[in-house]
Amino acid sequence: MTDSELAPAPAASGSVVAFEHVTKRYGNGPPAVTDLSLEIRAGEICVLVGPSGCGKTTTMKMVNRLVEPTSGRVTIDGADVASLPAVDLRRRIGYVIQQVGLFPHLTVAENVAVVPRLLGWGEPRITERVEELLELVGLDPGAYRSRYPAALSGGERQRVGVARAMAADPSVLLMDEPFGAVDPIRRERLQNEFLRLQARLRKTIVFVTHDVDEAIKMADRIAILQVGGVLAQYDSPDRLLATPASPFVEHFVGADRGLKRLSLARVRDLPLERPVTVVVGESFAAARQRLPDGTMWALVIDAQQRPLGWIAAHDLAGEGRVDAAMATPGSTLLQPESTLRDALSAMLVSSVQLGVVVDEHDAVLGVISVAAISRTLQDGAGSPPP
Amino acid sequence: MTEGAPFFRLDWVVDNLDMLAQRTAEHVVLTLIGVGFGILIAFPVTLLIHRRRRLIGPVLGVAGILYAIPSLAVFGLLIPVTGIGLVTAEIALVSYTLLILIRNGLAGLDGVAPEIVEAATGMGHTRIQRLWRVQLPLAIPVIIAGIRIATVTTIGLVAVTALIGQGGLGFVIITIGINRFFPTAILVGVGLSVLLAVLADRGLVLAERALTPWARAGSGEG
Amino acid sequence: MDFLAEVAAWFTDPASWSGRDAISARVGEHLALSGVSLLAGLAIALPLGLFIGHTRRWAGAVVAIANVGRAVPSVGILGLALPITLQLGWGIGVPPTLLALTVLAIPPIVLNAYVGIRDVEPELVEAARGMGMREAQVLRRLELPIALPIILAGVRTASIQVIATATLGAILSTGGLGRYIVDGFARQDYPRMFGGALLVMTLALTSEVLFALAQRAAVSPGLRGVPDRLPETGAGLAV
């Protein structure tokens with residue numbers, strides 16, 4: 001997430017979405033959304049998150065008028081959404097729901113083409129757009145175009161759902177737990193791919209989730225809502241974790257706030273330690289000469305600098321040559337893009353509490369230790385909130 | 001019936017193939033008119049009660065009453081009003097189909113998964129577009145199931161219209177078979193009627209398959 | 001309006017209430033025909049359906065019977081019953097009509113009994129067996145009460161069929177209310193025909209109402225909304 005702030009961002013193709021004192025009441029009961037005011041900047045992902053009953057989905061649905069506010073207004077680029085006929089408004093906004101809702105009686109291509117057809121696009125333009133979108137979401141158009149939803153896996157359906165929402169190139173996307181219906185592994189992949197997509201397209205996205213971790217990962221800014229649709233805090237993930245505005249936010253984000261901040265940092269943000277390395281084929285004597293005093297372990301690498309495992313210093317006594325079979329594997333291999341949180345999780349379950357960082361050719365870049373990550377935890381946590 | 005006469009006379013069948021074919025054709029026409037008008041009436045009524053749910057009870061109640069009244073009684077009630085003829089017969093036939101067609105039509109529309117309906121609305125379909133492009137296609141299997149039952153039932157009922165002068169296989173069964181004590185005609189008439197019903201049913205199954213190419217897809221992990 | 005006055009006149013005419021063709025007599029005949037054949041059909045179809053539903057054997061045959069039953073015109077069954085009873089020496093009139101009506105009552109009752117029992121959740125049945133109930137007890141104390149509404153729906157359907165076909169029995173020279181309609185039609189005595197039709201209609205609707213009430217009463221308060229008829233899914237003809 002920090003990258004996008006450093007590199008020059010592509011021009012946003014999104015609109016500004018604003019809520020102005022929006023309240024939603026059903027009947028005479030307590031309000032579902034209370035006096036909500038916030039502005040989502042163009043090209044940003046705003047994640048609405050909160051406990052059950054906090055009105056996050058209701059809020060999102062007020063953008064495409066599936067729900068109408070009782071008072072206040074919602075605007076897109078300054079224009080009140082109520083000023084357009086609802087049907088026209090919805091054709092300009094992408095909508096992705098948790099169960100995806102692909103039309104079972106239409107092929108993948110026909111599903112993606114739904115809104116363009118509603119808008120009256122010509123056939124050639126539709127065909128081209130469908131191709132483009134399927135490739136964008138990682139599905140080979142040739143293979144998937146004529147398939148029916150029943151023949152797709154859960155992950156494939158989610159992708160088609162995203163493609164379908166983007167078909168008419170809307171400036172605003174509404175996503176209600178879009179990755180909720182797949183398993184965690186697939187979800188992570190879908191999230192990563194979507195973030196990469198967003199980095200290119202920079203749409204304005206209103207994203208609803210109940211999962212705080214997903215919010216932290218996906219959001220440019222997070223809006224935490226309390227029951228009754230009361231805005232508790234609206235901030236970037238970093239500031240939210242560092243300075244929660246109330247006990248509620250603190251509690252909702254979780255006692256492991258510090259740990260969560262590890263999701264914001266990546267392995268490459270840490271200074272890497274240089275391990276002592278011995279190469280396969282080297283003689284014990286040569287290796288011993290290079291070992292600093294007090295070294296317990298050395299990393300065995302091959303000719304391409306790829307790590308094979310660890311060898312104890314005392315095993316290098318006497319005569320002999322370093323052999324691959326002498327290396328004891330046990331370290332997790334990490335990449336520079338991995339989050340510190342994922343790194344820590346992986347390292348804690350391995351037998352050696354050192355993670356070896358490798359580049360895209362699997363060559364060693366350095367090692368990091370659990371201790372180094374812990375230090376980041378302490379430094380980053382800073383002083384307790386007021 | 002004379003003792004010793006054979007029960008089934010094939011020679012009569014062979015001699016009267018023309019007549020049998022003609023009566024069968026009449027039977028088919030009467031059925032088509034009945035089911036056709038039944039669908040014509042049931043379709044808008046179904047759409048109406050799908051939208052205004054409060055009408056479901058009364059409409060199904062009326063259809064249920066029409067279904068419960070025996071066809072002969074319906075003739076007895078209608079003849080003083082609509083006379084003896086095709087119209088009376090068809091009114092009776094049509095009123096039988098209504099209950100099943102409306103019930104299945106409603107069940108079919110209600111059976112479309114709610115998230116699909118929501119997705120369609122959220123994407124910007126008008127009510128009518130949503131109905132035509134999403135809900136009705138997905139309701140086809142249940143709707144056709146209703147048409148199958150209505151058709152088979154109607155084929156059985158057409159026979160009774162022979163009593164008020166309509167043709168069809170009822171003429172063979174009743175006028176020739178029963179009134180003249182001729183079992184062969186009864187058997188042939190019934191047999192042809194069942195055959196028609198089977199053909200109609202299978203034909204509609206094929207039609208359903210042709211209209212729902214997506215139903216054969218399923219091979220993903222879900 | 002004149003016509004309705006004639007109908008009313010027919011009803012109130014004392015001649016209509018005496019003799020073989022009396023309204024009371026015909027109604028009685030109709031009720032007797034319907035009632036006897038319904039009971040006979042129940043006696044045959046219910047145990048059969050319960051057995052098949054409970055043991056799941058010959059289920060295919062049941063579905064086939066029900067489907068064929070729907071396809072064969074009731075007039076045809078009446079017509080076929082005639083030569084059969086003649087061969088058996090039972091005569092015309094009542095015997096073939098009773099035979100036909102009984103045969104017609106069987107398919108809906110068998111089908112609904114079968115489906116009603118079959119659809120009782122297997123876990124419940126297993127639990128009952130696990131508690132030590134014998135098969136007959138499982139059927140009687142668990143499956144039957146749960147399946148009762150659907151079974152009653154089947155009897156209700158059969159009742160309609162029977163009442164309707166009893167009306168048609170007039171063409172076999174049987175008694176019953178159908179006589180008024182058929183004779184009235186033949187003699188162009190339309191008030192009689194209309195009156196007979198009204199009586200049949202009343203009988204049929206009364207049956208419907210009674211069975212609807214019975215179904216409601218039969219549902220244990222513990223069971224939530226049970227469909228009042230067998231859901232007509234794509235059974236169709238399974239030939």
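Engineer: Outline the overall build of chain B, supporting the account with residue identities and numerical values.
Structural biologist: Check the secondary structure of chain B and you find nine helices and zero strands. Along chain B, helices (α) and strands (β) appear in the sequence α-α-α-α-α-α-α-α-α when read from the amino end. If you line up chain B on its principal axes, its C-alpha atoms span 75 × 45 × 25 Å. For chain B, the proportion of contacts with a sequence separation of at least 24, taken over those separated by at least 6, is 73%.

Engineer: Give me the overall build of chain A: which residues, what numbers.
Structural biologist: The helix and strand inventory of chain A stands at 16 helices and 16 strands. Counting every position in chain A, which comprises 386 residues, the buried fraction comes to 39%. The contacts of chain A with a sequence gap of at least 6 include a subset with a gap of at least 24, amounting to 63%.

Engineer: Go over the domain arrangement of chain A, please, and point to the residues and values.
Structural biologist: When cut into domains, chain A gives domain 1 (3-254) and domain 2 (268-378). Taking only C-alpha atoms, the centre of domain 1 of chain A and the centre of domain 2 of chain A are 43 Å apart.

Engineer: Explain the confidence of the model for chain B to me, and be specific about the residues and the numbers.
Structural biologist: Per-residue confidence for chain B averages 89 on the pLDDT scale, and 94% of its residues sit at or above 70. Here the predicted complex carries an ipTM of 0.82, next to a pTM of 0.76.

Engineer: Outline the interface of chain A and chain B, listing residues and values.
Structural biologist: Each partner contributes to the interface: chain A provides 21 residues, whereas chain B provides 20 residues. When contributions to the side of chain A that touches chain B are tallied by element, the ones reaching two or more residues are α3 (86-91) and α5 (114-118) of chain A. In terms of residue class, the side of chain A that touches chain B is made up of 13 nonpolar, six polar and two charged.

Engineer: How would you summarise the interface of chain B and chain C if you had to cite specific residues and measurements?
Structural biologist: Each partner contributes to the interface: chain B provides 40 residues, whereas chain C provides 38 residues. Listed by contribution, the elements that provide at least two residues to the side of chain B that touches chain C are α3 (56-68), α4 (71-82), α5 (86-110), α7 (127-158), α8 (169-178) and α9 (183-211) of chain B. Sorting elements by how many residues they give to the side of chain B that touches chain C places α9 of chain B first, with nine residues.

Engineer: So what's going on with the pairing of strand β9 (residues 221-226) of chain A? Which residues, and what values?
Structural biologist: All names here are of chain A. Taking burial as the measure, the six residues of β9 include five buried ones, the bulk of the element. As judged from the four bridges shared by strand β3 (residues 45-49) and β9, these two strands associate in the parallel manner. Bridge pairing links V49 to I224 in β9.

Engineer: Break down the packing of helix α2 (residues 23-55) of chain C against helix α7 (residues 135-168) of chain C for me, with residues and values.
Structural biologist: Residues and elements named next belong to chain C. The N-to-C vectors of α2 and α7 enclose an angle of 145 degrees; their axes lie 9 Å apart at closest approach. Read as a crossing pair, α2 and α7 show a hand that is right-handed. Residue-level contacts link H30, L33, S34, S37, L38, G41, L42, L50 and H54 of α2 to L139, E143, V155, A158, S159, V162, I163 and A166 of α7. For the contact of α2 with α7, the class distribution of residues is 10 nonpolar, six polar and one charged.

Engineer: Go over the sheet that holds strand β16 (residues 364-369) of chain A with me, naming the residues and quoting the values.
Structural biologist: All names here are of chain A. Spatially, the three strands line up as an open sheet ordered β14-β15-β16, and their pairing is mixed. The outermost strands of the open sheet, each flanked by one partner alone, are β14 (332-334) and β16. When the angles between neighbouring strand axes are averaged without regard to direction, this sheet yields 35 degrees. Where strand β15 (residues 354-358) lies against β16, five bridges are found, and the strand directions are antiparallel.

Engineer: Go over the nonpolar core with me, naming the residues and quoting the values.
Structural biologist: Membership of the largest hydrophobic core comes to 210 residues, with the highest contact counts inside it found for C46, V47, V63, V112 and V206 of chain A together with I173 of chain B. Once residues within four sequence positions are removed from consideration, C46 of chain A is found in contact with I40, I205, V206, F207, A219, D220, R221 and A223 of chain A. The next biggest cluster of nonpolar side chains, apart from the first, holds 26 residues, and it includes A265, L316, L334 and V367 of chain A.

Engineer: Tell me about the packing of helix α6 (residues 122-130) of chain C against α7 of chain C, and name the residues and values.
Structural biologist: Residues and elements named next belong to chain C. Here α6 crosses α7 at 140 degrees, and the two axes come no closer than 10 Å. The angle between the axes of α6 and α7 places the two elements in the oblique class. Of the two possible hands of crossing, α6 and α7 adopt the one that is right-handed. Only V138, L142 and E143 of α7 make contact with α6, whose side of the interface consists of L124, V125, A128 and R129.

Engineer: For the arrangement of the chains, give the residues involved together with the corresponding values.
Structural biologist: Inter-chain contacts occur across two pairs of chains; the most extensive set of contacts lies between chains B and C. In this view chain A stays clear of chain C, with the nearest C-alpha atoms of the two still 19 Å from each other.

Engineer: Which residues make up the environment of Q233 of chain A, and what values do they have?
Structural biologist: Residues and elements named next belong to chain A. With respect to the helices, strands and loops of the structure, Q233 is situated in strand β10 (residues 230-235). For Q233, a count of 21 C-beta atoms within 10 Å corresponds to the buried category. Put simply, Q233 and S246 are 13 residues apart on the chain and 8.3 Å apart in space, counted from C-alpha to C-alpha.

Engineer: Give a description of the sheet that holds strand β12 (residues 297-301) of chain A that names residues and reports values.
Structural biologist: Residues and elements named next belong to chain A. The sheet built from three strands is open, its strands ordered β11-β12-β13 with mixed pairing. In this open sheet, the two edge strands, each paired with only one partner strand, are β11 (277-279) and β13 (307-312). Across this sheet, the average inter-strand angle for adjacent strands is 35 degrees, counted without regard to direction. By the bridge criterion, five bridges tie β12 to β13 in an arrangement that is antiparallel. Residue pairing for β13: W297 is matched across the bridge by A312.

Engineer: An account of the pairing of strand β6 (residues 93-96) of chain A is needed here, citing residue identities and associated values.
Structural biologist: Residues and elements named next belong to chain A. Across the two faces of β6 the burial is the same, with I93 and Y95 and G94 and V96 all buried. Looking at chain direction, β6 and strand β7 (residues 172-176) are connected through four bridges and run parallel. When the sheet's bridge partners are listed, Y95 is paired in β7 with L174.

Engineer: Tell me about α4 of chain B, and please be specific about residues and values.
Structural biologist: Taking burial as the measure, the 12 residues of α4 of chain B include nine buried ones, the bulk of the element. Tucked into the core, α4 of chain B has its buried residues touching α5 and α7 of chain B together with α7, α8 (178-187) and α9 (190-218) of chain C.

Engineer: An account of the confidence of the model for chain A is requested, with residue identities and associated values reported.
Structural biologist: Residue and element names in this part refer to chain A. The predicted model of chain A has a mean per-residue pLDDT of 85, with 94% of residues at 70 or higher. Contacts for the low-pLDDT stretch residues 1-9, under 50 throughout, to residues beyond four places or in other chains number five contacts. For the stretch residues 381-386, pLDDT sits under 50, and the model shows five contacts to residues farther than four places along the chain or on other chains.

Engineer: Can you lay out unusual backbone geometry for me, pointing to particular residues and giving the numbers?
Structural biologist: In most cases, non-glycine residues show a negative phi, while peptide bonds are predominantly trans. Backbone geometry places Q305 of chain A, a non-glycine residue, at a positive phi of 70 degrees. Tracing the backbone through its elements, the reader meets Q305 of chain A in the loop between β12 and β13. The phi torsion at W58 of chain C lies on the positive side, around 60 degrees, for a residue other than glycine. Mapped onto the fold, W58 of chain C is located in the loop between α2 and α3 (59-71). According to the C-beta neighbour criterion, W58 of chain C is partly exposed, with 14 such atoms within 10 Å.

Rules used in this analysis
Residues numbered from 1 in each chain as written. Chains lettered and ligands numbered in written order. Predicted model: local features only at pLDDT ≥ 70, side-chain atom pairs only at ≥ 80, totals over all residues. Helix = DSSP H or I, 4+ residues; strand = E, 2+ residues; numbered from the N terminus. Contact = placed C-beta atoms within 7 Å. Buried ≥ 20, exposed ≤ 12 C-beta atoms within 10 Å, placed from the backbone. Domains from an automatic or database assignment. pLDDT = per-residue confidence, 0-100. Nonpolar A, V, L, I, M, F, W, Y, C, P; charged D, E, K, R; others polar. Pairing = 2+ DSSP bridges. Axes fitted to C-alpha atoms, helices over the stretch in contact; angles between N-to-C directions. Left-handed = near helix turned anticlockwise from the far one by under 90°. Core = buried A, V, L, I, M, F, W, Y, C linked by C-beta atoms within 7 Å. Parallel < 35°, antiparallel > 145°, perpendicular 65-115°, else oblique.

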